[in-house]
Amino acid sequence: GQTASVIFANKLKTHDLEIIKVNEKDEAVSGVVFVIEKSLDGKSWTELMQKETDENGKASFAGLSPDVYYKVTEIKTKDGYSLLSEPVFEGQISTADKPIITIKAINTYEFELPPTGGNSFLYIPIVLSLIMGAIVTIYYLIKEERGKKI
């Protein structure tokens, strides 16, 4: 006999993680920046890249390996919106997962406190002074009227 040599190459199946950023009305929010980090143990994290959402509110991270921990966090949002306090994704991607994993992240408007320290406080002493002046005037008018009748 003859000897034949055969080479088998196994290619690791990778996944894509797609973040879709919308507001409370389900409208796309562009210009939001996300960072993806990876970890082998889920404790010590290394930044891989940052992506900004496009006009459709999408930011995609491609070529993610299974059985590695990933964490995706919003690090910059548009003016008037609240920055998300928790990662939008944290965990491992399984070989059983779909090739493209889509996560919808809903952004809310920032709560705006009412203005304080306005001029309205100045009017309180003025109004109180006018009321006190009116009371004193009425008192003396009544006292004068009673004095004429005696």
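No experiment lies behind these values; they were computed from the predicted model shown.

Chemist: Go over the sheet that holds strand E4 (residues 58-64) with me, naming the residues and quoting the values.
Modeler: Strand order in this open sheet of 3 strands is E4-E1-E7, and the pairing throughout is mixed. Edge positions in the sheet fall to E4 and strand E7 (100-106), since each has one partner strand and no second. Taken over all neighbouring pairs, the strand axes of this sheet differ in orientation by 15° on average, direction set aside. Bridge count for strand E1 (residues 15-22) against E7 is 7 bridges, and the pairing is parallel. Directly across from isoleucine 19, in E7, lies its bridge partner isoleucine 103.

Chemist: How would you summarise the side chain of lysine 71 if you had to cite specific residues and measurements?
Modeler: Mapped onto the elements of the fold, lysine 71 is located in strand E5 (residues 69-76). Aside from chain neighbours lying at most four places away, what touches lysine 71 is Val35, Ile36, Glu37, Trp45, Pro87, Phe89 and Glu90.

Chemist: Break down the nonpolar core for me, with residues and values.
Modeler: The biggest cluster of nonpolar side chains holds 19 residues, and the ones touching the most others in it are Leu17, Ile19, Phe34 and Val72. Among the elements of the structure, E1, strand E2 (33-39), E4, E5 and E7 are those that each provide at least two residues to this core. Apart from the residues within four sequence positions on either side, leucine 17 is in contact with Ala59, Ser60, Phe61, Leu64, Val72, Phe89, Ile101 and Ile103.

Chemist: Tell me about the packing of aromatic side chains, and please be specific about residues and values.
Modeler: Applying the stated criterion across every chain, the model contains 1 aromatic pair. Ring plane angle 70° and centroid distance 5.4 Å describe the contact between tyrosine 139 and tyrosine 140, whose orientation is recorded as edge-to-face.

Chemist: Could you give an account of the pattern of salt bridges, naming the residues involved and the relevant values?
Modeler: Here the structure, examined in full by the defined rule, presents 2 salt bridges. With a shortest N-O distance of 2.5 Å, glutamate 74 and lysine 21 are connected by a salt bridge. Taken as a pair, glutamate 74 in strand E5 and lysine 21 in strand E1 lie far apart in primary sequence, 53 residues in all. Among the residues examined, glutamate 74 registers a relative accessible area of 2% and is labelled buried. For lysine 21, a relative accessible area of 0% corresponds to the buried category. Here aspartate 26 and lysine 104 are joined by a salt bridge, their closest N and O atoms 3.0 Å apart. Taken together, the positions of aspartate 26 in the loop between E1 and E2 and lysine 104 in strand E7 put the pair 78 residues apart, joining distant regions of the chain.

Chemist: Summarise the sheet that holds strand E3 (residues 46-52); cite the residues concerned and give the values.
Modeler: Strand order in the open sheet formed by 4 strands is E3-E2-E5-E6, with antiparallel pairing between adjacent strands. Only two strands of the sheet have a single partner each, and these edge strands are E3 and strand E6 (89-92). The average undirected angle you get between the axes of adjacent strands in this sheet is 20°.

Chemist: Describe the pairing of E1, with residues and values.
Modeler: Buried residues dominate E1, accounting for 7 of its 8 residues. Pairing of E1 with E4, which is carried by 5 bridges, proceeds in the antiparallel orientation. Bridged to leucine 17 within E4 is phenylalanine 61.

Chemist: Mind laying out the environment of leucine 12, listing which residues take part and the relevant values?
Modeler: Here leucine 12 lies in the segment before E1. Residue leucine 12 is classed as exposed on the basis of its relative accessible area of 54%. Each C-alpha atom of the pair leucine 12 and serine 60 lies 19 Å from the other, and the pair is 48 residues apart in sequence. When residues no more than four places from it in sequence are discounted, the contact partners of leucine 12 are Ser65 and Pro66.

Thresholds applied
Residues numbered from 1 in each chain as written. Predicted model: local features only at pLDDT ≥ 70, side-chain atom pairs only at ≥ 80, totals over all residues. Heavy atoms only, no water. Pairing = 2+ DSSP bridges. Helix = DSSP H or I, 4+ residues; strand = E, 2+ residues; numbered from the N terminus. Axes fitted to C-alpha atoms, helices over the stretch in contact; angles between N-to-C directions. Contact = heavy atoms within 4.5 Å. Core = buried A, V, L, I, M, F, W, Y, C linked by side-chain atoms within 4.5 Å. Buried < 20%, exposed > 50% of the residue type's maximum accessible area, 1.4 Å probe, protein only. Phe/Tyr/Trp six-rings, centres within 6.5 Å; stacked < 30°, edge-to-face > 60°. Salt bridge = Lys/Arg side-chain N within 4 Å of Asp/Glu carboxyl O.

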